[in-house]
Amino acid sequence: MDIRIRNEEEKDYYLVEEITREAFWNLYCPGCSEHFMAHELRKHPDFIPELTFVIEVDGKVVGSIFYSYSKVIDVDGQEHKTISFGPVSISPHLHRQGLGKRLISHSIEAAKKAGHRAIFIGGFKYHYTLYGFEGAKKYRVSMPDGKYYAGIMALPLFEGALDNIRGSIHFSEGMYPDNKSFEEYDSKFPYREKEIKPCQKEFEKAVSEIDEQNY
Ligand SMILES: CC(C)(COP(=O)(O)OP(=O)(O)OC[C@H]1O[C@@H](n2cnc3c(N)ncnc32)[C@H](O)[C@@H]1OP(=O)(O)O)[C@@H](O)C(=O)NCCC(=O)NCCS
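Residues numbered from 1 in each chain as written. Predicted model: local features only at pLDDT ≥ 70, side-chain atom pairs only at ≥ 80, totals over all residues.

Caption draft 1: Fine view of the overall build of the protein chain. In terms of helices and strands, the protein chain carries 6 helices and 9 strands. Its C-alpha atoms give the protein chain a radius of gyration of 17 Å, within 12% of the compact-globule value 17 Å for 215 residues. Across the 215 residues in the protein chain, those meeting the buried criterion constitute 34%. The contacts in the protein chain between residues at least 6 apart in sequence include a share of 70% that link residues at least 24 apart. (Helix = DSSP H or I, 4+ residues; strand = E, 2+ residues; numbered from the N terminus. Rg over C-alpha atoms; globule rule 2.2 N^0.38 Å. Buried ≥ 20, exposed ≤ 12 C-beta atoms within 10 Å, placed from the backbone. Contact = placed C-beta atoms within 7 Å.)

Caption draft 2: Fine view of the packing of helix H1 (residues 13–24) against helix H2 (residues 34–41). For the pair H1 and H2, interaxial distance at closest approach is 7 Å and the crossing angle is 150°. Here H2 runs roughly antiparallel to H1, going by the angle between their axes. Contact with H1, carried on its side by Val16, Glu17, Thr20, Arg21 and Phe24, involves Glu34, His35, Ala38 and His39 of H2 and no other residues of that element. (Axes fitted to C-alpha atoms, helices over the stretch in contact; angles between N-to-C directions. Parallel < 35°, antiparallel > 145°, perpendicular 65-115°, else oblique.)

Caption draft 3: Quick look at the environment of Ser208. In this fold, Ser208 is placed in the segment after helix H6 (198–207). Here Ser208 falls in the exposed class, since 10 other C-beta atoms lie within 10 Å of it. Residues Ser208 and Gly59, spaced 149 residues apart in sequence, show a C-alpha to C-alpha distance of 40 Å.

Caption draft 4: Representation of the site of the ligand within the structure. What surrounds the ligand is a group of 17 residues, the closest being Ala23, His95, Gly100, Lys101 and Gly123. Listing elements by their share of the shell around the ligand, those giving two or more residues are H1, strand E4 (79–90), helix H3 (99–113) and helix H4 (125–128). A breakdown of the residues in the shell around the ligand according to their chemical character gives 8 nonpolar, 7 polar and 2 charged. (Near = placed C-beta within 6 Å. Nonpolar A, V, L, I, M, F, W, Y, C, P; charged D, E, K, R; others polar.)

Caption draft 5: Fine view of the nonpolar core. Residues Ile119, Ala136 and Ala154 are the most contacted members of the largest nonpolar core, which totals 44 residues. Per-element tally for this core: the top contributor is strand E3 (residues 60–74), with 6 residues. Contact partners of Ala136, with chain neighbours within four places excluded, come to Phe120, Val141, Tyr148, Ile152, Met153, Ala154 and Ile169. (Core = buried A, V, L, I, M, F, W, Y, C linked by C-beta atoms within 7 Å.)

Caption draft 6: Representation of H2 in the model. Within H2, 8 of the 8 residues are buried, which leaves the element mostly enclosed by the surrounding structure. Listed as buried for H2 are Glu34, His35, Phe36, Met37, Ala38, His39, Glu40 and Leu41. On its buried face, H2 sits against H1, E3, E4 and helix H5 (182–186).

Caption draft 7: Representation of the environment of Asp76 within the structure. Mapped onto the elements, Asp76 comes out in the loop between E3 and E4. Considered as a pair, Asp76 and Met153 are 77 residues apart in the sequence and their alpha carbons are 22 Å apart.

Caption draft 8: Spotlight on unusual backbone geometry. Across the junction of Gly86 and Pro87, the peptide omega takes the value 0°, indicating a cis bond. Take Pro87: it is sitting in strand E4. Unusually for a residue other than glycine, Arg96 sits at a positive phi of about 60°. Structurally, Arg96 is set in the loop between E4 and H3. Accessibility expressed as a C-beta count within 10 Å gives 8 for Arg96, which makes it exposed. In this structure, Arg140 is a non-glycine residue whose phi angle is positive, near 60°. Take Arg140: it is sitting in the loop between strand E6 (134–135) and strand E7 (141–142). Note on Arg140: 16 C-beta atoms within 10 Å, which makes it partly exposed.

Caption draft 9: Representation of the pairing of strand E2 (residues 53–57) within the structure. Bridge analysis of strand E1 (residues 3–7) against E2 gives 5 bridges, and the strand direction is antiparallel. When the bridges of E2 are listed, Asn7 appears paired with Phe53. Pairing of E2 with E3, which is carried by 5 bridges, proceeds in the antiparallel orientation. By the bridge assignment for E3, Phe53 is matched with Ile65. (Pairing = 2+ DSSP bridges.)

Everything listed is a geometric property; what it means functionally is a separate question.
Here it is, written out as structure tokens:
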């Protein structure tokens, strides 16, 4: 396999969104909207194109990762710029072959080189602990509702990056696009059946799980 990682270009947009749709379809809810998130995020001021990568296998794009600015608002109201990734996806027929790991690791290295402070993400621990992510609770960063959720994780990108910060993480509004044009947008992709699946229940449970770990 000839593997290459490069920044996303305009010519990749449709394929990247199609792969994102394929990877997320029926995974966390019936259907999915992560491809729409990618589509809309590119237009948002928080979007970080220089950290947004595609991964190619033998010259064909098979996955992507998107980054945007987020911020930690300190208990005294001070804002600290952080970054977040998502959606991240690999074509389902190529899962568990190390491609996601290559792509995510590459993006983390690029973020470090660019001097960013820390990455905050939401997701399943089993996807991200291998990169050094730990519960944001460890760094005394909660969600805006003051709760420490197990699925909210952080990775400081340099020594002591989160040492003197205590507050809440605010993801970009670009990650929560207005769904009113979603149906029309989604109709340009091949028809797929929306289904209810057990993994969606697991996700529902996971998003509200409180981090009980003592760091
Ligand atoms: C998440 C995703 C990008 C990972 O890509 P991938 O190429 O399959 O991942 P890799 O093969 O590089 O996996 C690296 C490691 O991550 C962990 N991992 C990845 N997928 C996992 C899964 N479904 N269950 C448990 N662990 C998993 C494992 O530790 C794995 O190492 P291993 O295969 O040696 O056990 C891909 O599965 C995907 O597109 N999923 C659908 C979309 C999604 O859920 N995105 C993340 C949203 S939070």
